[in-house]
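# Topology and contacts: notes
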Amino acid sequence: MGRPSRRRGTKNGSRRELGTDKVPDVVARSRSGDTRSVVLPGTSTADALTAVFRTILRPDVTLCTDGSVALRPAAQALGVYHLRLVSARNEH
């Protein structure tokens, strides 16, 4: 192409783990449209997610999440029904 390639994305490339330039946050949205957003201190561990969800969720809700490993034990600790919505790569 006659020019150097552009560097896009984060400083740590395409690595999926938490880099120094990333901040974990939780966004919860109800069917009625109520939205809550919380920035997590540190990393998104099961204990941090349990503490956040304890203030947001009632025991009779269904928690629909992505495939995050930390969300499963958080849902179990809260006693809520957890539904993982995991799609295959390049599937929307």
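### Some details on the packing of helix α1 (residues 46-56) against helix α2 (residues 71-78)
- It is at 8 Å that the axes of α1 and α2 come closest, and there the two elements cross at 45 degrees. Considered as vectors, α1 and α2 are oriented oblique to each other. For the pair α1 and α2, the crossing hand works out as right-handed. Contacts between α1 and α2 involve Ala46, Leu49, Thr50, Phe53 and Arg54 from the first element and Leu71, Pro73, Ala74, Ala77 and Leu78 from the second.
- Its residues assigned to classes, the contact of α1 with α2 shows eight nonpolar, one polar and one charged.

### Digging into the pairing of strand β4 (residues 81-84)
- Of the strand pairs in this sheet, strand β3 (residues 62-65) and β4 are connected by four bridges, and their pairing is parallel. When the sheet's bridge partners are listed, cysteine 64 is paired in β4 with leucine 83.
- The β-α-β motif built from β3, the intervening α2 and the parallel element β4 has right-handed crossover chirality.

### Digging into the nonpolar core
- Counting 13 residues, the largest nonpolar core has Val26, Leu40, Leu49, Phe53, Leu63 and Val80 as its most contacted members.
- Elements supplying a minimum of two residues to this core: α1 and α2.
- Once residues lying within four places of it in the same chain are set aside, the contact partners of valine 80 are Arg58, Pro59, Val61, Leu63 and Ala75.

Conventions we followed
Residues numbered from 1 in each chain as written. Predicted model: local features only at pLDDT ≥ 70, side-chain atom pairs only at ≥ 80, totals over all residues. Heavy atoms only, no water. Axes fitted to C-alpha atoms, helices over the stretch in contact; angles between N-to-C directions. Helix = DSSP H or I, 4+ residues; strand = E, 2+ residues; numbered from the N terminus. Parallel < 35°, antiparallel > 145°, perpendicular 65-115°, else oblique. Left-handed = near helix turned anticlockwise from the far one by under 90°. Contact = heavy atoms within 4.5 Å. Nonpolar A, V, L, I, M, F, W, Y, C, P; charged D, E, K, R; others polar. Pairing = 2+ DSSP bridges. Right-handed = clockwise from strand over helix to strand, strands pointing away. Core = buried A, V, L, I, M, F, W, Y, C linked by side-chain atoms within 4.5 Å. Buried < 20%, exposed > 50% of the residue type's maximum accessible area, 1.4 Å probe, protein only.

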